[in-house]
Amino acid sequence: MSSRPVPLLPPALRAFLVRIPLLVPIVRLLRRGPLARDRNLLITLILLTLLIGVLAAKVSMEWFSPALMIPITLVAGLQLRLNSLVKLLCAVAASLIYVAAVRGVDHIGPGLLVTFGFTAVLAALMARTRGKLGVQGLRGDAMLLELRDRLKSQSDLPPLPKEWGSKVVLKQAGGSSFGGDFLVSIREGDTMELALVDVSGKGVDAGTRALLLSGTFGGLLGSVDDFLPACNTYLHRQREAEGFVTAVHLRLNLATGEYVITSAGHPPVVKYESGAGTWRVSTAKGVVLGVVPDLHCEADQGMLRKGDALMLYTDGLIEQPGRDIDAGLDRLLGEAERLAPSGFRDGARNLVTSMSAGHNDDCALVLIWRP
C-alpha cells in the first residue's frame, strides 16, 4: 500500500510563492539549508543585535550600550554552529560600524573593540569544539559529568557478607574528576572478582583512556577465566599504543576466604596476617599489559582468615620523584602497621593522604578484610 507524500507547505501558500520566484530560494534556505537547525535562534540574535545598534545610535548609548552585544555573542558561541556564528558576527560588526558612523568613532573605544575581538574568538572556539562533538550548549559538559558518575559507580565494590569488610579510596591528580586509576569488580554468588588498573599518565590526560578501558575491562571481568591475558590480547590488538597499562586481578571466595592474585606489571599486593601481626608482600608478577602477545602471569594463592586483610594499590602511593620504589613500599608497609589497631575502614583514607603528600599523582587503594 503506497502513501502519498505530505507537502511541506499548504497548497495555497505554495501557489502564492510560485508567483514570487524570488522568495522560493529564501524559503527553501530557511527550511532545508545550512540554517535548518538554528535558523530561528540566528534570526532572533541578529534582529536583537541590529536593534541594539539602532537604539544605541538613535536613542541612548547609556541605556542601550553596544556592550550588550557581548552576551549575545557568547550565547551564539554556545548554541549556534560556526557558519551561523560568522553571520551573527557580521551583524555585530555592522551594528558597531553604524553606531560609530552616527555617534562618532570616539564612542567605540579600543577597549570595547578588544573585548569584542576576544569574545568573538572565544565564541568561535566554543562553536568549533561543539561542532566536532555534534552537541549544543553545555551538553558536552553534561556528558562528561555522566561519564564521571558512571566511572565512580563502577569503582564501588559489590555488597559483601556481614563477615567481610572493604574500603576503596580513589584520589585523582590535581583534584580532577578523571584519572588514570580505576577499579572494576563483580560478584557472582560466593565469588568476587576485582581488578585495579593503572593507565600511564595522570589526571585528565589519562582519564579519557581510562574511561574507554574501564568499559572494556568491566565487560571481560567475570566473562573469561584468564582475565589479564584477555585484557592483554585486547590491548595488543590496538594499532596505536598510548603508554602502558598495569593491572592486578583478585578472585576471592567469600565462603572459604581462598583467593588467587595475578598481576601484570602492577605493584605487589600486600597481605596482613593477623597471627603474626605483619604485612607480607605477594609473589604474583607479570609483564605490563599490551607489550607481548602472550601474557604469562605467576599467580599467588592463599587464604584470608579471621583478622587478615588484603591491600591493593597503585604506584601513586609508593613512587616519588628522586626516591627508589622499594623505599616507597617500605614506607607504605610502615604506615600500614597503624591500620590494624585503629581499624582498616577509618585508616584507609588517612593512609592515602599520608602516602600521597608531597607529590601530585593519581592514587588508588583497595582494602578487603575479615573482621
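So, here is what we can say about the structure in this document.

Quick notes on the rules
- Residues numbered from 1 in each chain as written.
- Predicted model: local features only at pLDDT ≥ 70, side-chain atom pairs only at ≥ 80, totals over all residues.
- Heavy atoms only, no water.
- Helix = DSSP H or I, 4+ residues; strand = E, 2+ residues; numbered from the N terminus.
- Contact = heavy atoms within 4.5 Å.
- Pairing = 2+ DSSP bridges.
- Axes fitted to C-alpha atoms, helices over the stretch in contact; angles between N-to-C directions.
- Phe/Tyr/Trp six-rings, centres within 6.5 Å; stacked < 30°, edge-to-face > 60°.
- Buried < 20%, exposed > 50% of the residue type's maximum accessible area, 1.4 Å probe, protein only.
- Disulfide = S-S within 2.5 Å.
- Salt bridge = Lys/Arg side-chain N within 4 Å of Asp/Glu carboxyl O.

**Focus: the environment of I52**
For step 1, the next point in the chain: You can see I52 is positioned in helix α3 (residues 39-58).
For step 2, the next point in the chain: In this structure the C-alpha to C-alpha distance between I52 and L96, which are 44 residues apart in sequence, comes to 9.7 Å.
For step 3, the next point in the chain: Residues in contact with I52, not counting those within four places in the same chain, are F64, S65, L68, M69 and I72.

**Observations regarding the sheet that holds strand β1 (residues 165-171)**
For step 1, the next point in the chain: The five strands lie next to each other as β1-β10-β9-β6-β7, forming an open sheet whose pairing is antiparallel. Single-partner strands in this sheet number two, and they are β1 and β7 (278-281). On average, each strand axis in the sheet is inclined to that of its neighbour by 15°, with strand direction left out of account.
For step 2, the next point in the chain: Sheet analysis places strand β9 (residues 309-313) next to strand β10 (residues 363-369), joined by five bridges and oriented antiparallel. Among the inter-strand pairings, M311 is bridged to a residue of β10, identified as L367.

**What about the packing of aromatic side chains?**
For step 1, the next point in the chain: According to the stated counting rule, one finds three aromatic pairs in the structure shown.
For step 2, the next point in the chain: Centre to centre, the rings of F182 and F217 are 6.2 Å apart; their planes meet at 45°, and the pair counts as tilted. Highlighted residues: F182 in strand β2 (residues 181-188) and F217 in helix α8 (residues 203-220), separated in sequence by 35 residues.
For step 3, the next point in the chain: Under the relative-accessibility criterion, F182 is labelled buried at 0%.
For step 4, the next point in the chain: Between Y272 and W279 the ring centres are 5.2 Å apart and the planes differ by 50°, which places this aromatic pair in the tilted class.
For step 5, the next point in the chain: Judged by relative accessible area, Y272 falls into the buried class, the value being 11%.

**Quick notes on the state of the cysteines**
For step 1, the next point in the chain: The full count for this structure, using the stated rule, is zero disulfides.
For step 2, the next point in the chain: Free cysteine: C231, not disulfide-bonded; nearest cysteine sulfur from C297 at 10.0 Å.
For step 3, the next point in the chain: Classification of C231 by relative accessible area gives buried; the value is 0%.

**So, the pattern of salt bridges**
For step 1, the next point in the chain: All told, the structure shown has two salt bridges when counted by the stated rule.
For step 2, the next point in the chain: In this structure, the salt-bridge partner of E193 is R251, at a minimum N-O distance of 3.5 Å. Taken as a pair, E193 in strand β3 (residues 191-199) and R251 in strand β4 (residues 245-253) lie far apart in primary sequence, 58 residues in all.
For step 3, the next point in the chain: Classification of R251 by relative accessible area gives partly exposed; the value is 27%.
For step 4, the next point in the chain: The closest approach of N and O atoms between E273 and R280, which form a salt bridge, is 3.2 Å.
For step 5, the next point in the chain: For E273, a relative accessible area of 24% corresponds to the partly exposed category.

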